[in-house]
Amino acid sequence: MTLLRLNNLSFGYDPQRLIFEDISFAVHPGEVFCIIGPNGCGKTTLIDSILGINQPQQGTIEVSGTHLAQLKPREFAQHIAYVPQSHSKTFPYTVLDIVVMGRTYATRGFGSPDSSQQQRARESLDQVGLKGFEERLYTELSGGELQLVLIARALTQDARIMVLDEPTAHLDFRHELMVMEIITRLVKEKGLTIVMATHFLNQAFYLENAAVPTRVALMNQGKIETIGTPSEVITKNNLKDVFKIISITGTTDEEGIQRKFIVPLKNLR
Amino acid sequence: MSSPKKTIVTIILILLPVLFFFGTICIGRYYVSLTDIFLTLWQGLTGNNSGLSSETTTVILQIRLPRAFQGAMVGAALGASGAAFQSLFRNPLVSSGILGVSAGAGFGAALAIVLFNTVFLTPLFAFVFGILAVILSYFAGKIDNTSTTITLVLGGTIIQSIFSALISLLKYLADTATQLPAITFWLMGSLASTKTADVFLALIPMVLGMAGMLIMRYRLNVLSMGDREARTLGINVMANKAAIIGFATLATAGAVCVSGIVGWIGLIIPHVGRMLVGNDNKWLVPASMSLGACFVIFCDTLCRSLTGGEIPLGIVTALIGGPFFIYLLKKTKGRSW
């Protein structure tokens with residue numbers, strides 16, 4: 001049983017110039033599926049297709065065996081929750097107002113979330129370590145706190161798949177680690193399935209080391225080069241081919257944590 | 001909001017318009033007391049003679065009561081539409097006229113005045129052209145079957161300027177002795193010509209529009225997250241946007257067709273609401289209705305009682321609204337939203 005399956009997916013805003021082409025993969029329950037690749041390789045556009053925001057020219061996407069195109073937005077939100085790469089803040093809602101929006105699909109008619117749904121939102125805030133933030137204005141949060149709030153909002157959807165587009169793009173080391181710890185906990189304890197685009201390749205090693213089932217898809221120029229475990233995919237040779245860089249890999253053994261890492265050294269001439 | 005504060009604010013927002021409503025009926029050159037109002041209403045309901053002079057009952061029933069009611073409805077409709085559009089367009093500087101409903105209504109009114117030389121058809125034409133302008137803006141901003149906030153606002157701006165040009169054209173063609181002043185005064189907005197019949201006719205779109213916005217108001221929170229997030233949170237963005245634009249337009253067109261162009265309400269009233277009840281549209285939309293009703297009644301009372309004649313409503317709302325908006329901007333340092 002696969003939760004999410006892409007079959008020969010192709011998309012381009014201009015049908016003559018495809019952004020990505022013939023993408024196929026299946027995401028299994030309880031794994032983290034990382035999509036990596038250089039800027040402009042089509043990661044975000046691929047994620048937009050998974051979210052149903054753009055309609056693929058060819059191929060299909062199945063969510064729990066149903067064609068994505070047949071899912072109404074309300075049904076879609078029950079299956080897939082989304083954490084955006086960046087969020088432009090408009091009005092100073094309270095943190096609880098934001099997080100409870102995760103229950104939108106579960107409200108009856110056009111109504112607003114009831115007290116049990118607010119309770120669900122409070123639990124999500126607790127899960128990301130933001131207990132006590134309920135009445136804070138979300139416009140006054142730091143970038144790291146905002147990202148955690150958006151993760152809490154996605155959690156509140158109680159969907160089995162969470163799609164994150166570069167979840168740590170604007171975060172400092174501390175908040176990056178917090179996000180990775182939350183992801184680890186969600187997958188291990190709640191059996192959540194995660195699809196995540198990232199530029200931080202060491203995150204895949206982090207997850208591998210934390211014994212989270214993790215696979216990495218390496219994208220390049222709109223195609224998937226290879227799919228495998230972090231150790232199989234994130235290698236000096238693959239990075240040389242795709243990113244055109246010289247890098248080194250190594251293993252740390254500090255604080256009792258044995259983990260692989262990769263460091264970019266220089267561009268190929 | 002905490003619950004005790006919520007309760008207090010709710011009570012104030014319900015009582016305030018009632019207070020303003022009866023207050024404005026009392027104010028004016030013909031003296032009317034609160035007791036007179038209730039006696040007149042009682043007489044109207046039961047048919048018992050209250051012993052009041054017929055002048056008093058006429059002033060109350062034929063002039064001040066319809067006008068106060070019209071003012072309350074116009075204010076509530078414009079306040080709610082402004083709040084809805086601000087969330088929908090994710091922009092606190094947007095008002096109810098952003099998609100050209102006021103410009104369209106102005107053109108319709110001017111056209112009726114020039115073509116028929118009668119006030120009878122003016123509200124109808126204003127209403128129809130107000131709605132037509134919004135439909136045109138919507139399709140002008142719709143590209144590839146979707147409409148982003150930017151293209152919609154752009155569409156609205158274009159249609160607004162086209163209708164403004166057409167209004168100028170009609171003014172240029174109008175008879176300078178009768179029609180031109182009529183057009184000019186209409187565009188300044190006023191409740192002076194309120195008739196009981198108008199009140200009931202314009203009530204239909206205003207009530208429909210406001211009811212729709214009240215029912216859908218939580219969706220405004222979700223839509224204000226942006227199209228992409230709103231969709232993944234589980235709502236059909238295009239359909240919800242279109243419905244809210246439809247309801248807000250009905251309410252605004254209903255208001256503008258009887259009051260003329262009254263600015264500032266759809267812009268500042270939601271901001272006062274935000275300061276009082278916060279940004280959750282569950283509270284903000286009804287609060288904007290209450291505050292809008294109060295503001296228009298207040299301004300209209302000034303219009304008809306400050307001087308011997310009538311000052312156009314649009315002038316008073318702008319003269320009070322403008323400085324007040326600057327005050328808000330300074331006080332919040334432009335950051336609170």
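What this report covers is the structure whose coordinates are included nearby. (Residues numbered from 1 in each chain as written. Chains lettered and ligands numbered in written order. Predicted model: local features only at pLDDT ≥ 70, side-chain atom pairs only at ≥ 80, totals over all residues. Heavy atoms only, no water.)

1. Comments concerning the packing of helix H4 (residues 101-116) of chain B against helix H6 (residues 149-173) of chain B
Residue and element names in this part refer to chain B.
Here's step 1: Axis separation between H4 and H6 bottoms out at 8 Å; the angle between their running directions is 20°. Between H4 and H6, the angle is such that the two are roughly parallel. Note on packing geometry: the crossing formed by H4 with H6 is left-handed. Along its contact with H4, which presents Ala-103, Gly-104, Gly-106, Phe-107, Ala-110, Leu-111 and Val-114, the element H6 presents Gln-160, Phe-163, Ser-164, Leu-166, Ile-167 and Leu-170.
Here's step 2: Looking at the contact of H4 with H6, its residues break down into 9 nonpolar, 4 polar and no charged. (Axes fitted to C-alpha atoms, helices over the stretch in contact; angles between N-to-C directions. Helix = DSSP H or I, 4+ residues; strand = E, 2+ residues; numbered from the N terminus. Parallel < 35°, antiparallel > 145°, perpendicular 65-115°, else oblique. Left-handed = near helix turned anticlockwise from the far one by under 90°. Contact = heavy atoms within 4.5 Å. Nonpolar A, V, L, I, M, F, W, Y, C, P; charged D, E, K, R; others polar.)

2. Overview of the packing of helix H12 (residues 265-277) of chain B against helix H13 (residues 281-305) of chain B
All names here are of chain B.
Here's step 1: As a packed pair, H12 and H13 sit with axes 8 Å apart at the nearest point and diverge in direction by 125°. Judged on the interaxial angle alone, H13 and H12 are oblique. Where H12 crosses over H13, the two elements pack in a sense that is right-handed. Here Ile-265, Ile-268, Ile-269, Pro-270, Val-272, Gly-273, Arg-274, Leu-276 and Val-277 of H12 come into contact with H13, specifically with Trp-283, Leu-284, Ala-287, Ser-288, Leu-291, Gly-292, Phe-295 and Val-296.
Here's step 2: Partitioned by chemical class, the residues of the contact of H12 with H13 number 13 nonpolar, 3 polar and 1 charged.

3. Section: the sheet that holds strand S8 (residues 193-197) of chain A
All names here are of chain A.
Here's step 1: Strand order across the open sheet formed by 6 strands is S6-S7-S8-S3-S9-S10, with mixed pairing between neighbours. This sheet does not close on itself; its edge strands, each paired only once, are strand S6 (80-83) and strand S10 (223-228). Across this sheet, the average inter-strand angle for adjacent strands is 15°, counted without regard to direction.
Here's step 2: Note that strand S9 (residues 214-220) and S10 share 5 bridges and pair antiparallel. Along S10, the bridge assignment pairs Ala-217 with Ile-227.
Here's step 3: On the sheet, helix H5 (residues 143-156) packs against S6 and strand S7 (161-165) and is oriented at approximately 170° with respect to S6.
Here's step 4: Sheet strands in contact with helix H6 (residues 173-190) are strand S3 (32-36), S7 and S8, and its direction is about 150° off that of S8. (Pairing = 2+ DSSP bridges.)

4. Some details on the sheet that holds strand S5 (residues 66-67) of chain A
Residue and element names in this part refer to chain A.
Here's step 1: The strand order across the open sheet built from 4 strands is S2-S1-S4-S5, with neighbouring strands paired in antiparallel fashion. Only two strands of the sheet have a single partner each, and these edge strands are strand S2 (20-27) and S5.
Here's step 2: Bridge analysis of strand S4 (residues 58-63) against S5 gives 2 bridges, and the strand direction is antiparallel. When the sheet's bridge partners are listed, Glu-62 is paired in S5 with His-67.

5. Looking at the state of the cysteines
All names here are of chain A.
Here's step 1: Tallying each qualifying case throughout the model produces 0 disulfides over all chains.
Here's step 2: The structure places no disulfide on Cys-34, whose sulfur is separated from the nearest cysteine sulfur, that of Cys-41, by 13 Å.
Here's step 3: By relative accessible area, which is 0% here, Cys-34 ends up buried.
Here's step 4: Look at Cys-41 and you get buried, because its relative accessible area is 2%. (Disulfide = S-S within 2.5 Å. Buried < 20%, exposed > 50% of the residue type's maximum accessible area, 1.4 Å probe, protein only.)

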